[in-house]
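# Commentary on secondary and tertiary structure
Given next are the chains, with one letter for each unit.
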Amino acid sequence: MTPSAPHAPSPRRAPWLALGLCAAALALFGWRATRDAPRSPAASAPGAAAPPAGSASGRAAPPRRVALATTGGVAGVVVDERGAPVAGAWVGLGDQARTTDERGRFDIGGLARGTYALMAHGGAGAAGPLAIAVAGPRRDVVVRLHAGVALTATVVSVVDGRPVPGAHGRLELAAGAGPGGHLDATADAAGVVQFPVAALGNYQLTVAAAGFAPATRTLTWNQRAGLAWSTTVALEPGVVLSGRVVDLDGAGVAGAAVVARAPMRDQTQLTYRPRPPAVIQAPVVTDDDGRFACTVPTGQALVLVASHPRFAPGESAPLVAARAAALTITLTDGQRVVGRVVDGAGAPVADAVVADGQPGGAPAHVTRSDADGRFELTGLPLGRPRAVLFAEAPAARSRPVLVDLAALGDAPVELVVDQALTLAGTVVTAAGAPVPDAVVHVQRRPAADGKVAAVGPTTVLEAAVEAEVRADGDGRFTVDGLAAGDYQLLVRAPAAGPARASPPLMVGVVAAAGATDVVVTLPAAASVRGRVVARDGAPLDATVQLRWFGGPVAVGADGSFELAGVDPTPGRYQVEVGAAAAPPIVVEAAVAPGQVTDLGTIELTRGRTLRGRVVDQPTGGPIAGATITVDDADGARVATGRSDELGGYAVAVPAGPVVVRAAVTSVGGSRLLAVAADRDHADLALPETGRLEVAVAGDGPLMVTATRLGGADGNFRRWELERAPDTATFVAAVAPGRYVVRATRGRSPGPISDAVGPGAVVATVVGGDRVQVTASVEP
């Protein structure tokens, strides 16, 4: 099974998909985790390797407070879902790792005070990352393994599809509050990276290899556990960009995070070949002298951006990465905010986390209060008009404060850490049994009159608290540091076993802060069954799955199937039934707790499998993630699909003639290609473009845009044209259509408009054509 981005759900299903993804993404952490906690080590498993240089995920770590004396560590026992000890399990915490003894016990010492990410795995079970706070001589914990997912990633070159032996792979949490653990492994001679079993959730997979640009992909494991997932990652050839990050005095900035991004463009055609750096890519971190080296896709237009918690972000000039180059990125001090953290009685609060974003998330700038509660937050970007400050102390938080930076000047900001209410309860099954390790996501419900008008330099806002905890072995959970008000609790089971065909059971309830006896009951599971047959009576190798949710389940020899353990909370599912060379069909299924829904007999009509490649028209390079649409001879949509990492696709279509097309959002589409009934292969090239050349009379900084008339193609309408070197001509390759061409002074194109104002011209572009027009600068 290959993890992939799901197709857009129907409006009816969308809210529950969002809840499912949210629960899976946030299931792995306690809310008390802070940004500067240590990360977990690489997996000590066969085939594991040291993490690739520069592949650490997330922003550069903020400056750490003065280290306290080593206070102790964490000891505990690893057990399975039945509570039996697991011998030989791997446990990682901070930068240390242990293997459990014959009694399932482990002991990790030498830890300073702080919050750490714990990961564990053994056999087919996994746990974590779990947020573990160390504040005393020893903390004893029980780590319970649940059915997990084993991932295999095949690493290939995008140029020829050949494997890349020795590639380094890292698997780490992609979302959630607090520090995340990670697992590392190295590709074998066939380019295959095999990771140990990991818990369900949303993860980032980063792959790096010498001579290639690193690639990062998001994997969503919110379906069911006990499976072996597989995916393919194609690496772009890379070129090394090196240099230094310095301050205004030219001194190197250590610990700055450097990432590459595509140049900023305003709703214009995006570059896709070579594939640009992913927005979720892992940054490289500068050394003690501020030096860095990062590998980026060869031939890609990009900008390097450097960030550091003490400085305002800086970036390089736009460049095309055609060869190795050395760059210097200068960071400025930016704006600063000073203030004091106090409790509800006005007493100073020392060592509180102060950030310009939720402290448990990933704020850009973080500091801590001193013994007198005073703090200084620096590096806010110049020109930034406002900032929202948060403070967090053990078991308490402040309300967020909106700061008008221009009006504030050097005046201090007071953050009052007075949100200290507790919400506690128990999670049980429909039969009343406790649910150990249940995941409880807590979000404050906004009050009807919760809007606060900003007046003066500082404005205290209503708290928008979001927290995440796990229940203990008795199903008990506690969330502290809450403001008064009602909270939405989204609670789910920690995993969904191999027999299930949906995400873990989940329920939403509302509770008030201060309540300590909340009982959350997970619903009884539902089931969906039926039988799949071919319309012509021949046997079928068919699969059945809950669309947008569970993974595919093979039908029996007689075509019968049963999807067990279905979460009944949504009420209705779309059940997708498909088979090789048979277009899938979708059947609605209403479900209820503890009930079996029988769909009866479902007939599939045999067709054929249409295969091919989607490539870049100018270079012939593969295009991943293109949407494939197939219509019948009457224009009705009969099938959809997506191209894989090497541009390949395979779509089951009806037996008759069809019309196929490929498109990429913000790029464009291919020509419509008619495929006869006796053909099963079609290669598609995109974008089908024409060249638009615009001569402009006028000097100074100019922006020339072409806005498409009559709707969008691939969800974009406007291109920004590039000035040809040493000329007054602006050019772009645009999709076929009619355009309004405008020239404006400066770099602001204004809102998208079809209006043909003074100086604007209308141009019609056909694929393969070269169209030349003249425009005047708008007054």
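Remember, predicted model here, so these are calculated numbers, not experimental data. (Residues numbered from 1 in each chain as written. Predicted model: local features only at pLDDT ≥ 70, side-chain atom pairs only at ≥ 80, totals over all residues. Heavy atoms only, no water.)

## A word on the overall build of the chain
What the chain contains, in helices and strands, is two helices and 62 strands. When the accessible surface of the chain is split by element, carbon and sulfur atoms take 54% of a total near 32300 Å². (Helix = DSSP H or I, 4+ residues; strand = E, 2+ residues; numbered from the N terminus. Areas by Shrake-Rupley, 256 points an atom, 1.4 Å probe, with all protein chains shown as cover.)

## Concerning the packing of aromatic side chains
Going through the model one piece at a time under the given rule, you end up with zero aromatic pairs. Between Arg310 and the ring centre of Phe311, over which it is positioned, the NZ or CZ distance is 4.6 Å. (Phe/Tyr/Trp six-rings, centres within 6.5 Å; stacked < 30°, edge-to-face > 60°. Lys NZ or Arg CZ within 6 Å of the ring centre and 35° of its normal.)

## What about the sheet that holds strand β39 (residues 518-521)?
If you walk across this open sheet you meet the three strands as β36-β32-β39, and the pairing is mixed. Each edge of the open sheet is held by one strand with a lone partner, namely β36 (476-482) and β39. Taking each pair of neighbouring strands and ignoring which way they run, the sheet shows an average axis angle of 30°. Relative to β36, strand β32 (residues 421-428) is paired through five bridges, and the arrangement is antiparallel. Bridged to Ala424 within β36 is Thr478. (Pairing = 2+ DSSP bridges. Axes fitted to C-alpha atoms, helices over the stretch in contact; angles between N-to-C directions.)

## Points about the pattern of salt bridges
Counted under the stated rule, the structure contains 30 salt bridges. The salt bridge involving Asp437 is made with Arg144; its shortest N-O contact spans 3.4 Å. With Asp437 in the loop between β32 and β33 (439-444) and Arg144 in strand β7 (residues 138-144), this pair connects stretches of sequence that are 293 residues apart. Of the two residues, Asp437 and Arg144, neither departs from the other in class, the shared state being buried. Across the pair Arg399 and Glu462 runs a salt bridge, and its minimum N-O distance is 3.1 Å. Residue Arg399 is located in the loop between β29 (396-398) and β30 (401-404), and its partner Glu462 is located in the loop between β34 (458-460) and β35 (466-470); the two are separated by 63 residues in the primary sequence. Exposure remark for Glu462: the relative accessible area of 32% places this residue in the partly exposed category. Connected via shared salt-bridge partners are Arg217, Arg275 and Glu645. (Salt bridge = Lys/Arg side-chain N within 4 Å of Asp/Glu carboxyl O. Buried < 20%, exposed > 50% of the residue type's maximum accessible area, 1.4 Å probe, protein only.)

## Let's talk about unusual backbone geometry
Positive phi outside glycine occurs at Asp351, with the angle close to 60°. Looking at the element boundaries, Asp351 is found in the loop between β24 (335-343) and β25 (353-355). Phi is positive for Asp437, which is not a glycine, with a value near 65°. On the accessibility criterion, Asp437 (9% relative accessible area) is buried.

## Some points on the environment of Ala430
Its place among the elements puts Ala430 in the loop between β32 and β33. The class for Ala430 is exposed, based on a relative accessible area of 52%. For the pair Ala430 and Pro593, spaced 163 residues apart in the sequence, the C-alpha separation amounts to 9.2 Å. Once residues within four sequence positions are removed from consideration, Ala430 is found in contact with Thr521, Leu522, Pro523 and Ala524. (Contact = heavy atoms within 4.5 Å.)

## A look at the nonpolar core
Leu171, Phe195, Leu205 and Leu235 are the most contacted members of the largest nonpolar core, which has 30 residues in total. Going through the elements one at a time, β9 (149-157), β11 (182-186), β13 (201-208), β14 (215-221) and β15 (227-235) are the ones with two or more residues in this core. Residue contributions to this core peak at four residues, all from β9. (Core = buried A, V, L, I, M, F, W, Y, C linked by side-chain atoms within 4.5 Å.)

## A closer look at the confidence of the model for the chain
Confidence in the prediction of the chain, expressed as mean pLDDT, is 82, and 83% of residues score 70 or more. Ranking the elements of the chain by mean pLDDT puts helix α1 (residues 14-26) last, at 31, and β39 first, at 97. Counted against residues more than four places away or in other chains, residues 1-69, with its pLDDT under 50, gives 221 contacts. (pLDDT = per-residue confidence, 0-100.)

## A look at the sheet that holds strand β40 (residues 526-534)
Spatially, β43-β40-β46 is the arrangement adopted by the three strands of the open sheet, whose pairing is mixed. Looking at the sheet topology across the chains shown, the edges are occupied by β43 (560-566) and β46 (596-604). The mean inter-strand angle of the sheet, taken between neighbouring strand axes irrespective of direction, is 20°. Bridging between β40 and β43 involves five bridges; their strand directions are antiparallel. In the sheet register, Arg531 faces β43, and the bridge partner there is Ser560.

## Some details on the pairing of strand β41 (residues 542-546)
Side chains Ala542, Val544 and Leu546 project from β41 onto a buried face, and the interleaved Thr543 and Gln545 project onto a face without burial. Taken together, the five bridges between β41 and strand β44 (residues 572-579) define a ladder with antiparallel strand orientation. Bridge assignment links Ala542 to a residue of β44, and that residue is Ala579. Inspection of the sheet shows β41 paired to strand β42 (residues 553-554) by two bridges, in the antiparallel sense. Within β42, the position partnered with Val544 by the bridge is Val553. Between β41 and the antiparallel strand that follows it, β42, lie six residues; Trp548 among them carries a positive phi value of about 75°.

## As for the environment of Gly252
Note that Gly252 resides in the loop between β16 (238-246) and β17 (257-261). On the basis of relative accessibility, which here comes to 27%, the residue Gly252 falls in the partly exposed class. Ignoring sequence-local partners within four residues, the contact set of Gly252 consists of Arg244, Val245, Val246, Asp289 and Gly290.

## Details of the side chain of Asp247
When you line up the elements, Asp247 lands in the loop between β16 and β17. In this structure Asp247 is buried but unpaired, with Arg310 as the nearest side chain of opposite charge at 6.9 Å. Reaching out from Asp247, the side chain makes a polar contact with the backbone nitrogen of Asp249 at a distance of 2.9 Å. For Asp247, the residues in contact, after removing those within four places along its chain, are Val253, Phe311, Thr330 and Leu331. (Lys, Arg positive; Asp, Glu negative; His and termini not counted. Polar contact = N/O pair within 3.5 Å; in protein donor to acceptor, adjacent residues only side chain to side chain.)

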